[in-house]
Amino acid sequence: MMHKLEKEIPEIGNEMYDLMVKLYPICRSITGNGVRKTLDIISEQIPLEKYEIPTATQVFDWTIPKEWNIKDAYVKKSNGEKIIDFKKSNLHVLNYSIPVNKTVSLSELKDHLFTLPDQPTLIPYRTSYYYENWGFCITHNQFLQLEEDDYEVVIDSTLEDGSLSYGEYFIKGESEDEVLLSCYICHPSMCNDNLSGVVLLTSLAKYLKNIPSKYSYRFLFIPETIGAITWLFRNEHNIPKIKHGLIATCVGDSGVSSYKKSRQGNAEIDRTVIDVLKNSGDEYKIMDYEPIGSDERQFCSPGFNLPVGSLRRSDARMFPEYHTSADNTEFVKAKYLADSFSKYFKVIFKLEENFGIHSSKKHEEELPEIDSKNDQVFVSLNPKCEPKLDKIGVYRKLGGAALNNDALTSLWILNYSDGKHSLHDISLRSGINFKQIKQVAELLQKKKLLKQIL
Ligand SMILES: [Zn+2]
């Protein structure tokens, strides 16, 4: 089977690339018609089960937001010249912008412009999902050229009760044990961070559905974060069946293959992927789990702690094109998609080969020893998925940009406060200094997100 597949892989790479080009122009977000259109196009390849979860539905600590849709957006100078045009790039609009139609001064306009001073020729990708705002993203070079004027700003969007959409595809194997393969479908026109994972899983599903398998395979096409939280909330009963999982993202750039381990660190999926990479003959990188990144943050939250890792190429925040207009159809290449596909397939092939061999030995960890009177051990009072940190004032308003220090520290503490890791352990693991860890832990305790046990 592997041998036959090797011959087909370049062709599969082209097929993935073509699908990516087709999906690229769509303005996606965490909700709305862009997601539906994306799911419809994937459905032409694999029979997706589609779900619509209404606005205001409570999912763990989160609430399904209003649905966002957009028709057009632009900024015009007083002489009628359109200087920013959503139709030229959907990254120009702050994703989830509320509707606007007014004339503003240069200084008011500047309050709503986002740029990348260090990458002055690129348009950034920015979002404002949970904080009502409007804005435009432009190149820093354009920003520097703006002159005093009365600017007409129009964002023809709607933010109304609706639903969050996601798709799922299930392939029944001989056994009820499942392999979970998940990607996100919420980014607008960006290829490596977003679409590469979507097209890889679509092709993998297409291929696997024709092959008898021992495991069952569950493919998720969900909006990042809120979609993973929604899926986990609605499928808690199904969680024990998940034996292995991978998050597919950033699988089409020229970087070497890299694997971010599951939170468990030595699960069968971790050993299997590392083995495949070792035997690939290619360079590779292995990274420990950290509670930042993509949906592994939710699947590996301490209340689930699923054996879900992420096999990708460049780590999202490590390539300069990340979250910019340069993450485009030129940046991702069919041959890298093909290579990633082949590695995913080898992982699955190996899991199938080893089915039933590895006993799921789960050794209980001991409570940590506390060797300093300063050290403490907490448990998260909200262990299933991340709590919604903006409720307690530590999360960023602007999405797509780097996390602030307190938010980052909170994610580390909440993810590892499982009664088995002390604050000192968390400091060592995260590289965040102990004083900062302790301060934020105290804040989280005050906000009733943590309980001290030692
Ligand atoms: Zn992203």
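For the structure itself, look to the data block above.
Criteria and cut-off values
- Residues numbered from 1 in each chain as written.
- Predicted model: local features only at pLDDT ≥ 70, side-chain atom pairs only at ≥ 80, totals over all residues.
- Heavy atoms only, no water.
- Helix = DSSP H or I, 4+ residues; strand = E, 2+ residues; numbered from the N terminus.
- Rg over C-alpha atoms; globule rule 2.2 N^0.38 Å.
- Buried < 20%, exposed > 50% of the residue type's maximum accessible area, 1.4 Å probe, protein only.
- Areas by Shrake-Rupley, 256 points an atom, 1.4 Å probe, with all protein chains shown as cover.
- Pairing = 2+ DSSP bridges.
- Axes fitted to C-alpha atoms, helices over the stretch in contact; angles between N-to-C directions.
- Contact = heavy atoms within 4.5 Å.
- Disulfide = S-S within 2.5 Å.
- Right-handed = clockwise from strand over helix to strand, strands pointing away.
- Patch = residues over 30% accessible without salt bridge, like charges linked within 9 Å, V, L, I, M, F, W, Y side chains within 5 Å.
- Salt bridge = Lys/Arg side-chain N within 4 Å of Asp/Glu carboxyl O.
- Core = buried A, V, L, I, M, F, W, Y, C linked by side-chain atoms within 4.5 Å.
- Polar contact = N/O pair within 3.5 Å; in protein donor to acceptor, adjacent residues only side chain to side chain.

Quick one: what's the story with the overall build of the protein chain, residue by residue and with numbers?
Of regular secondary structure, the protein chain possesses 12 helices and 19 strands. Relative to a compact globule of 454 residues, whose C-alpha radius of gyration would be 22 Å, the protein chain shows 22 Å and is just as compact. Projected onto the principal axes, the alpha-carbon positions of the protein chain cover approximately 70 × 60 × 40 Å. Counting only residues that meet the buried cut, the protein chain has 59% of its 454 residues in that class. Approximately 19500 Å² of the protein chain is accessible, and the part contributed by carbon and sulfur atoms is 48%.

Tell me about the sheet that holds strand β10 (residues 163–171), and please be specific about residues and values.
Strand order in the open sheet formed by eight strands is β1-β10-β12-β11-β13-β16-β14-β15, and the pairing between neighbours is mixed. Lying at the two open borders of the sheet, with one neighbouring strand each, are β1 (49–54) and β15 (284–287). For this sheet, the mean angle separating the axes of adjacent strands, direction not counted, is 20 degrees. Each of β1, β10 and β12 (216–222) is contacted by helix α2 (residues 33–43), which is oriented at about 20 degrees to β10, the strand it contacts most. Relative to β10, helix α6 (residues 226–234) is tilted by about 65 degrees, and along the sheet it contacts β1, β10, β11 (178–184), β12 and β13 (242–247).

Which residues make up the state of the cysteines, and what are the values?
A covalent bond between the sulfur atoms of two cysteines is referred to as a disulfide. All chains considered together, the criterion is met by zero disulfides. No disulfide involves Cys27; its nearest neighbouring cysteine sulfur is the one of Cys137, lying 11 Å away.

Which residues make up the environment of Leu450, and what are the values?
With respect to the secondary-structure elements, Leu450 resides in strand β19 (residues 450–452). Measuring from C-alpha to C-alpha, the distance between Leu450 and Gly399 comes to 25 Å, with 51 residues separating the pair along the chain.

Account for the pairing of β12, naming residues and giving values.
When you tally the buried positions in β12, you get seven out of seven residues, the bulk of the element. Where burial is concerned, the two faces of β12 agree: the one with Ser216, Arg218, Leu220 and Ile222 and the one with Tyr217, Phe219 and Phe221 are both buried. Two elements, β10 and β12, share five bridges in a ladder whose sense is antiparallel. Residue pairing in the sheet places Tyr169 in a bridge with Phe219 of β12. Alignment of β11 against β12, held across seven bridges, turns out to be parallel. What sits directly across from Ser182, in β12, is Leu220. In this fold, β11 hands off to helix α5 (residues 191–208), which returns the chain to β12; that crossover is right-handed.

Residue-level account of a nonpolar patch on the surface, with values.
There is a patch of nonpolar side chains on the surface, built from Ile370, Ile453 and Leu454 and spanning about 220 Å² of accessible area. As for its placement among the helices and strands, Ile453 is situated in the segment after β19. Given the relative accessible area of 38%, Ile453 is considered partly exposed.

Tell me about the pattern of salt bridges, residues and numbers included.
Taken as a whole and assessed by the stated rule, the structure comprises 24 salt bridges. Taking the shortest distance from any N to any O, the salt bridge between Arg36 and Glu67 comes out at 2.8 Å. Of the two residues, Arg36 sits in helix α2 while Glu67 sits in strand β4 (residues 67–76), which places them 31 residues apart along the sequence. Taking the relative accessible area as the measure of exposure, Glu67 reaches 10% and is therefore buried. As a salt-bridge pair, Glu168 and Arg218 come within 2.5 Å of each other at their nearest N and O atoms. Here Arg218 lies in strand β12 and Glu168 lies in strand β10, a separation of 50 residues in the sequence. On the basis of relative accessibility, which here comes to 5%, the residue Glu168 falls in the buried class.

An account of the nonpolar core is needed here, citing residue identities and associated values.
Counting residues in each nonpolar core, the largest one holds 79 residues, and the members touching the most others are Phe136, Trp231, Leu232 and Phe299. If sequence neighbours within four positions are ignored, Leu232 has contacts with Phe60, Ile239, Gln298, Phe299, Phe304, Leu306 and Cys385. Within the second largest apolar cluster, 59 residues are counted, among which are Leu5, Leu246, Val332 and Phe345.

Tell me about the side chain of Thr409, and please be specific about residues and values.
As for its position among the elements, Thr409 is in helix α10 (residues 405–416). Side-chain polar atoms of Thr409 contact the backbone oxygen of Asn405, separated by 2.6 Å. Here Thr409 is in contact with Ile432, Gln436, Ile437 and Val440, once residues within four sequence places are set aside.

So what's going on with unusual backbone geometry? Residues and values would help.
Although it is not a glycine, Thr225 adopts a positive phi angle of roughly 60 degrees. Look at Thr225 and you get buried, because its relative accessible area is 14%. Of note, Cys385 is a non-glycine position whose phi angle comes to about 70 degrees, a positive value. Looking at the element boundaries, Cys385 is found in the loop between β17 (377–380) and α10.

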